[in-house]
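# Examination of the molecular architecture
If you want the building blocks of each chain, they are given just below.
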Amino acid sequence: MKKLKRLPIGDSDFKTVIEDNAYYIDKSMLTKEIITGGRVILITRPRRFGKTLNMSMLKYFFRNDQDNKHLYKNLKIYKEKEIIEKYLINFL
């Protein structure tokens, strides 16, 4: 019998959600918008709209002290080779 994915209710850590194979709505292209966007970025969303989870996703993306490439393999941002090579391949 196929195991159902769990809903990540209350989880605000991106790494935990991805590694636990929980449902995740792919908002990874936010990363590209931030990289290519202007100097000032204002992120406003209603309560319970995933702001903390998105910030956690960005934290793991730009973190350079560990290899987090595996977290993004099934997300849209992984198809952006130029961004992936610049930010995810060159960790310390």
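What comes next is a walk through the structure. In every chain, residue numbers begin from 1 and rise along the written sequence. Reporting of local features is limited, given that this is a predicted model, to residues whose pLDDT is at least 70; pairs of side-chain atoms are given and counted only at 80 or more, and all residues count toward the totals for whole chains, interfaces and linings. Side-chain numbers come from the whole structure's heavy atoms, not from hydrogens or water.

Checked against the element boundaries, Ile41 lands in the loop between α2 (29–36) and α3 (51–62). Partly exposed residues are those whose accessible area sits between 20% and 50% of the maximum for their type, while under 20% is buried and over 50% is exposed, using a 1.4 Å probe and protein chains only. A relative accessible area of 42% places Ile41 in the partly exposed class. Numbering of helices and strands runs from the N terminus; a helix is a DSSP stretch of H or I covering at least four residues, while a strand is a stretch of E covering at least two.

Definition of nonpolar core: a set of buried residues of the types Ala, Val, Leu, Ile, Met, Phe, Trp, Tyr and Cys, connected through side-chain atoms within 4.5 Å. Ranked by size, the top nonpolar core spans 18 residues in total, and within it Phe14, Tyr24, Met57, Phe61, Tyr72, Leu75 and Ile77 carry the most contacts. Among the elements of the structure, α1 (14–19), α3 and α4 (81–87) are those that each provide at least two residues to this core. Take this core: its biggest share by element is five residues, from α3. Should any heavy atoms of two residues lie within 4.5 Å, those residues are considered in contact. Each residue touching Tyr72, except ones within four places of it in the same chain, is listed here: Phe14, Met57, Tyr60, Phe61, Ile77, Tyr78 and Leu88.

To continue, consider the layout of surface pockets. To find leftover empty space, one rolls a probe the size of a water molecule over the atoms. Of the pockets and cavities examined, the largest pocket occupies roughly 490 Å³. Here a cavity denotes a set of grid points, spaced 1 Å apart and computed over the protein atoms alone, in which a 1.4 Å probe fits but from which it cannot get out, and a pocket denotes an open set meeting protein on both sides within 12 Å along at least five of seven lines; residues with an atom within 4 Å of a point are reported as lining. Taken together, 18 residues line the largest pocket, and the ones lying closest to its centre are Asp11, Arg48, Phe49, Gly50 and Leu53. In terms of residue count, the dominant contributor to the lining of the largest pocket is α3 (four residues). Its residues placed into classes, the lining of the largest pocket shows nine nonpolar, five polar and four charged. Grid points are joined across faces, edges and corners, and a volume is the space filled by probe spheres set on the points. Considering only enclosed or pocket space, the second largest pocket measures out at about 220 Å³ in volume. Classes in brief: Ala, Val, Leu, Ile, Met, Phe, Trp, Tyr, Cys and Pro nonpolar; Asp, Glu, Lys and Arg charged; the others, Gly included, polar. Its residues placed into classes, the lining of the second largest pocket shows seven nonpolar, one polar and four charged.

This paragraph deals with the packing of aromatic side chains. Two rings belonging to Phe, Tyr or Trp (six-membered ring only in the last case) form a pair when the distance between their centres is within 6.5 Å. Interplanar angles under 30 degrees mark stacking, angles over 60 mark edge-to-face geometry, and anything in between is tilted. Following the criterion strictly, the structure yields six aromatic pairs and no others. Judged by centre distance (5.2 Å) and plane angle (90 degrees), the rings of Phe62 and Tyr87 are edge-to-face. One end of the pair, Phe62, is in helix α3; the other, Tyr87, is in helix α4, with 25 residues separating them in the sequence. You can call Tyr87 partly exposed: its relative accessible area is 25%. Among the aromatic residues, ring-to-ring pairing joins Phe14, Tyr24, Phe61, Phe62, Tyr72 and Tyr87 into one connected group. Only Lys NZ and Arg CZ are tested; either one counts as a charge over a ring when it is within 6 Å of the ring centre and within 35 degrees of the ring normal. We note Lys27 situated over the ring of Phe49; from NZ or CZ to the ring centre the distance is 5.2 Å.

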